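Structure assessment
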Amino acid sequence: MKRLVIVYNANAGMVAGVMDSVHKLVSPATYPCQLCAVTYGLARMRREWRAFLAELDMPLLFHHRPDFRATFPQAADWPLPLVAVEADGELTTLVSAADFAAIPDLATLIATMRARLGMAAAGPDAPKSD
């Protein structure tokens, strides 16, 4: 079974979340997690991102930096953030940290993921899959 693994370049927890929100406000250019920057507002996941994830036909696994490294020690040195596909314990990068450096907004991230997952574009004229 394949799973989508979404890895934030951030620590988990309420204190870390508050610090991240402050960092995004005060110095967005130095914020280390472009995945967080485009998929979250100050406090919660963006509605469009949540809707896109709900469309996917695979289980989702979310990680923050420390728990990703503990769960996937073979990928502990991979640059973060990233989105990967896991199949039989093996990870294949879908969107790398280098890719995220060139992703300015949520629409671009979603379009990139749709293309790499072989999904049809969304919209009123997009074909629906059964």
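Scroll up for the structure.
Below: a short report on this structure. (Residues numbered from 1 in each chain as written. Predicted model: local features only at pLDDT ≥ 70, side-chain atom pairs only at ≥ 80, totals over all residues. Heavy atoms only, no water.)

Structural notes on the overall build of the protein
- Assigned secondary structure in the protein consists of six helices and four strands.
- Listing every helix and strand of the protein by position from the N terminus yields β-α-α-α-β-α-β-β-α-α.
- By the burial criterion, 36% of the 130 residues in the protein qualify as buried.
- Entry remark: accessible area of the protein is about 7,700 Å², with carbon and sulfur atoms responsible for 58%. (Helix = DSSP H or I, 4+ residues; strand = E, 2+ residues; numbered from the N terminus. Buried < 20%, exposed > 50% of the residue type's maximum accessible area, 1.4 Å probe, protein only. Areas by Shrake-Rupley, 256 points an atom, 1.4 Å probe, with all protein chains shown as cover.)

Considering the nonpolar core
- Judged by nonpolar contacts, the single largest core of 22 residues is most densely connected at Trp49, Leu109 and Met113.
- Sorting elements by how many residues they give to this core places helix H6 (residues 106-117) first, with four residues.
- Residues in contact with Trp49, not counting those within four places in the same chain, are Ile6, Tyr8, Leu35, Thr39, Leu106, Leu109, Ile110 and Met113.
- One finds Val5, Val7, Ala75 and Ala84 within the second-largest nonpolar core, a separate group that totals 10 residues. (Core = buried A, V, L, I, M, F, W, Y, C linked by side-chain atoms within 4.5 Å. Contact = heavy atoms within 4.5 Å.)

Considering unusual backbone geometry
- Residue Pro81 is bonded to the preceding Leu80 through a cis peptide linkage, with omega at 5°.
- Note on placement: Pro81 falls in the loop between helix H4 (65-71) and strand S3 (82-87).
- The phi torsion at Asp88 lies on the positive side, around 55°, for a residue other than glycine.
- Mapped onto the secondary structure, Asp88 falls in the loop between S3 and strand S4 (90-95).

With respect to H6
- Between the first and last C-alpha of H6 there are 16 Å, a value that for 12 residues agrees with the 16 Å anticipated at 1.5 Å per step.
- Looking only at H6, the buried set comprises Leu106, Leu109, Ile110, Thr112, Met113 and Arg114.
- Structurally, H6 contributes buried residues whose contacts are with strand S1 (2-8), helix H2 (34-39), helix H3 (47-55), S3, S4 and helix H5 (97-101).
- Between the side-chain oxygen at the start of H6 and the backbone nitrogen of Ala107 there is a gap of 3.4 Å, and the oxygen is on Asp105.
- Directly beyond the C-terminal end of H6, a positive phi value near 70° is found at Gly118. (Expected span 1.5 Å × (residues − 1). Polar contact = N/O pair within 3.5 Å; in protein donor to acceptor, adjacent residues only side chain to side chain.)

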